[in-house]
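Structural features, examined
Okay, here's what each chain looks like letter by letter:
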Amino acid sequence: MQQLKGQSALVTGANSGIGKAVAESLASAGANVVINYVSDPDSAQQMVTNIKAAGGNAIAIKADVSKEDQVHDMFQKMFDTFGTIDILVNNAGIQKDSPFVDMTLDQWMAVINVNLTGYFLCAREAAREFLRRGIVKDRSVAAGKIICMSSVHERIPWAGHVNYASSKGGIMMFSKSLSQELAPHHIRVNAIGPGAIRTPINKSAWDTQESLDRLLTLIPYGRIGEPEDIGKAAVWLASDESDYVNGITLFVDGGMLLYPGFSTNG
Ligand code: NAD
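Overview of the structure. Since this is a predicted model, take the numbers as computed values, not measurements. Throughout, residues of each chain are indexed from 1 in the direction in which the sequence is written. At least 70 in pLDDT is required for a residue's local features to be given in this predicted model, at least 80 for side-chain atom pairs to be given and counted, and no such filter applies to totals for whole chains, interfaces and linings, which use all residues. The side-chain values count all of the structure's non-hydrogen atoms but skip hydrogen atoms and water molecules.

What to know about the nonpolar core
Considering soluble globular proteins, one finds that nonpolar side chains tend to be buried as a cluster. Note the threshold: Put simply, buried Ala, Val, Leu, Ile, Met, Phe, Trp, Tyr and Cys residues joined by side-chain atoms within 4.5 Å make one nonpolar core. Only protein chains enter the accessibility calculation, which uses a 1.4 Å probe; a residue is then buried when its area is under 20% of its type maximum, exposed when over 50%, and partly exposed in between. For the purposes of this entry, the term helix denotes a DSSP run of H or I that reaches at least four residues, the term strand denotes a run of E that reaches at least two, and both are numbered from the N terminus. Two residues form a contact once any of their heavy atoms are found within 4.5 Å.
Judged by nonpolar contacts, the single largest core of 65 residues is most densely connected at Val22, Leu26, Val33, Ile35, Phe75, Ile85 and Leu88. Sorting elements by how many residues they give to this core places helix 4 (residues 105-133) first, with eight residues. For leucine 88, the residues in contact, after removing those within four places along its chain, are Leu10, Phe75, Cys122, Ala123, Ala126, Lys145, Ile146 and Ile147.

Shown next, in the form of structure tokens:
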């Protein structure tokens, strides 16, 4: 079933981990997809080749999402190729972990610049185009959809990762405030809150049996998440199936937010 047929989507940080699975899932659902990347052009190009071989449509565009001019140029290239944008997935994110008292301003700013300012810059370009174009009924009942990749750490405090957790708490309020502002224009803004998903960003948490066993004590469902778990949630949030869903964070976390420490009576 191609729920997104004829729509055009941009996924930031799309040549790795969650972004890769989201881009591939959107393409399978019929969307034309922009694979945004900042490094490793070969993997981005390989994704384009694979999506086209499977009958889909994709292009790769290099841009650092924290740079205003690069974001602007990326959207222009997308509009030149696909004409417009229907779906933005703000996904690019980084961690620069440090004990708080040793955290440098560079570590703080790097995370805020990509994880928060990058979301602002991309969402602003998308929202301007949604408002300019309005609803195109044979594609979607909404004028546009924005999905922000948050984290369970928009809720769960995370010692040693104060910059990252602050960025995710910021993304939560960014998504909700933007949703409130744009809903009257039939633009939907939602977030996804992944739990522990098997990607390069958290490799040390799952690449040995010992670390995986420790991680699983935090996950009631008893398995680590796979990027495809997030891809499926993104397709649903981007489609008209979720048309009445506005300003939520959809947690996809195997129950990580269920206070697993209390499962044996605290
Ligand atoms: P990842 O490291 O595999 O992917 C991150 C992507 O962002 C990479 O492709 C990277 O090149 C890109 N990126 C980094 N800086 C960029 C920039 N300035 N401009 C454009 N792209 C840039 O990690 P992932 O786990 O796939 O992370 C994707 C998102 O999911 C992040 O926002 C992360 O915080 C979030 N998340 C991940 C998990 C998890 O368990 N893996 C859990 C919760 C949230």
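Next comes the rest of the description.
Brief notes about the sheet that holds strand 6 (residues 187-194)
Just so we agree on the cut-off: Here, a strand pair is defined by DSSP locating no fewer than two bridges between the strands. Lines fitted to C-alpha atoms define the axes here, with helix axes fitted over just the stretch in contact, and angles between the N-to-C directions of these axes take values from 0 to 180 degrees.
As summarised here, the arrangement of the seven strands in space is 3-2-1-4-5-6-7, forming an open sheet in which the pairing is parallel. What marks the edges here is a single partner per strand, and that holds for strand 3 (57-62) and strand 7 (249-252). Here the average twist between neighbouring strands, direction ignored, is 20 degrees. Most of the contacts of helix 1 (residues 17-28) go to strand 1 (residues 8-11), to which it runs at about 175 degrees, and overall it touches strand 1, strand 2 (32-37), strand 4 (87-90), strand 5 (144-149) and strand 6.

Describing the site of the ligand
Heads up, the rule is: A molecule or strand has a residue near it when one of that residue's heavy atoms lies within 4 Å. We call two N or O atoms a polar contact when they sit within 3.5 Å, provided that within protein one can donate a hydrogen and the other can accept it, with sequence-adjacent residues counted only if both atoms are side-chain atoms. Put plainly, a pocket is an open set of points on a 1 Å grid over the protein atoms alone with protein on both sides within 12 Å along at least five of seven lines, a cavity is a set where a 1.4 Å probe fits but cannot get out, and a lining residue has an atom within 4 Å of a point. The way we define it, a molecule is inside a pocket or cavity when more than half of its atoms are within 2 Å of that pocket's grid points. Amino acid classes used here: Ala, Val, Leu, Ile, Met, Phe, Trp, Tyr, Cys and Pro are nonpolar; Asp, Glu, Lys and Arg are charged; the rest, including Gly, are polar.
Residues in contact with the ligand amount to 29 residues; listed here are only the nearest, Ser16, Ile18, Tyr164, Ile197 and Thr199. Between an oxygen atom of the ligand and a main-chain N or O atom of glycine 13, the distance comes to 3.5 Å. The separation between an oxygen atom of the ligand and a polar main-chain atom of isoleucine 197 is 2.8 Å. Here the ligand occupies the largest pocket. Elements with a minimum of two residues in the shell around the ligand: helix 1, helix 4 and helix 5 (162-182). Its residues placed into classes, the shell around the ligand shows 15 nonpolar, twelve polar and two charged.

Some points on the pattern of salt bridges
The cut-off we apply is this: In what follows, salt bridge is the name for a side-chain nitrogen of Lys or Arg lying within 4 Å of a carboxyl oxygen of Asp or Glu.
Counted under the stated rule, the structure contains eleven salt bridges. Ionic pairing is found between aspartate 86 and arginine 133, a salt bridge with its closest N-O pair at 3.7 Å. With aspartate 86 in the loop between helix 3 (68-82) and strand 4 and arginine 133 in helix 4, the pair connects residues that are 47 residues apart, well separated along the chain. The residues aspartate 86 and arginine 133 share a single accessibility class, namely buried.

What about the layout of surface pockets?
Inclusion rule: Grid points are joined across faces, edges and corners, and a volume is the space filled by probe spheres set on the points.
There is about 1200 Å³ of room inside the largest pocket. Of all the secondary-structure elements, those providing two or more residues to the lining of the largest pocket are helix 1, strand 2 and helix 5. Tallied by class, the residues present in the lining of the largest pocket amount to 24 nonpolar, 19 polar and four charged.

Points about the packing of aromatic side chains
Defined as follows: By convention, a stacked pair of Phe, Tyr or Trp rings (six-membered ring in the case of Trp) has centres within 6.5 Å and planes under 30 degrees apart, an edge-to-face pair has planes over 60 apart, and any other such pair is tilted.
This model, assessed by the stated rule, comprises three aromatic pairs. For the ring pair phenylalanine 75 and phenylalanine 79, a centre distance of 6.1 Å and an interplane angle of 70 degrees mean the geometry is edge-to-face. In this pair, phenylalanine 75 and phenylalanine 79 both sit in helix 3, four residues apart, roughly one turn of the helix. For the pair formed by phenylalanine 75 and phenylalanine 79, the shared burial category is buried. Ring geometry for tyrosine 259 and phenylalanine 262: centres 6.4 Å apart, planes at 85 degrees, overall edge-to-face.

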